Amino acid sequence: MFKILKKKMRSFVQKAVEPIIQNKFKALNLKLNEINNEVNSKLSLVQTQNANNLKSITSNLNANAEKIMRDLALTRYKQSFNNTNQSNINKNHFVIFNYTYHSANVNFYNLGDFVQSIAVLNALSKLFANFSYEFFDRDKIAFFKDTNGGGVIVLA
């Protein structure tokens, strides 16, 4: 009798209780997948926002670093100019940008700029009876744009 009761109980559990448990597990699994998808979506949104914030912060830092470097260069320039005795400035001495060298960056000679440097020398010789000049590497100049337009060129 105990065996029969045990068989009936097992049959009842298999027919009635197991499907309920399976349905509960399926429902919980669906809910868990739904929550997982929602969390992944929110995580993706947060990652995108963080990436955008990082880009913005990096851009601001770069802009501030450029401003600091520009201000530092201009301060050095002003200090060196303030220390210069105006009477020692030779009014007939010129700096001409040197376009006569080979540019390693672009791997060619710039004939147009070379002709321009010759033309500048010719113009100076016609405008000034006594003049002196020195060549300056054009790649070592720095231009600092002013917010009101214009700017300052610093020979580095």
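For the structure, check the block above.
Conventions adopted
- Residues numbered from 1 in each chain as written.
- Predicted model: local features only at pLDDT ≥ 70, side-chain atom pairs only at ≥ 80, totals over all residues.
- Heavy atoms only, no water.
- Helix = DSSP H or I, 4+ residues; strand = E, 2+ residues; numbered from the N terminus.
- Areas by Shrake-Rupley, 256 points an atom, 1.4 Å probe, with all protein chains shown as cover.
- Salt bridge = Lys/Arg side-chain N within 4 Å of Asp/Glu carboxyl O.
- Buried < 20%, exposed > 50% of the residue type's maximum accessible area, 1.4 Å probe, protein only.
- Patch = residues over 30% accessible without salt bridge, like charges linked within 9 Å, V, L, I, M, F, W, Y side chains within 5 Å.
- Lys, Arg positive; Asp, Glu negative; His and termini not counted.
- Charge placed at Lys NZ, Arg CZ, Asp CG, Glu CD.

Colleague: How should the overall build of the protein be read in this particular structure?
Modeller: Across its full length, the protein holds 2 helices and 4 strands. For the protein, the succession of helices and strands along the chain, N to C, is α-β-α-β-β-β. Accessible surface for the protein amounts to roughly 13,400 Å². Of this, 59% is attributable to carbon and sulfur atoms.

Colleague: For this particular structure, what's the right way to read the pattern of salt bridges?
Modeller: If charged atoms from side chains of opposite charge come close, those side chains can pair. Tallying each qualifying case throughout the model produces 3 salt bridges. Note that K42 and E38 form a salt bridge whose closest N and O atoms lie 3.3 Å from each other. Separated by 4 residues within a single helix, K42 and E38 lie in helix 1 (residues 2–82), roughly one turn from each other. By relative accessible area, E38 is classed as partly exposed at 42%. With its nearest N and O atoms 2.8 Å apart, the salt bridge here joins D71 to K67. With D71 and K67 both in helix 1 and 4 residues apart, the pair spans about one turn of that helix. Look at K67 and you get partly exposed, because its relative accessible area is 42%.

Colleague: It is not clear to me how a positive patch on the surface should be interpreted in this structure. Could you clarify?
Modeller: Taken together, K3, K6, K7 and R10 make up a surface patch of like positive charges. By secondary structure assignment, the location of K6 is in helix 1. Exposure remark for K6: the relative accessible area of 47% places this residue in the partly exposed category.

Colleague: I tried to follow the environment of S117 on my own but got confused; where do I start?
Modeller: Locating S117 in the fold gives a position in helix 2 (residues 111–127). The exposure class assigned to S117 is buried, which follows from its relative accessible area of 4%. S117 sits 18 residues away from F135 along the chain, and the two C-alpha atoms are 9.5 Å apart.

Colleague: Whenever I open this one, a nonpolar patch on the surface confuses me. Can you help?
Modeller: A grouping of I21, F25 and L28 is seen on the molecular surface, where their side chains present a nonpolar patch of about 330 Å² in accessible area. Structurally, F25 is set in helix 1.

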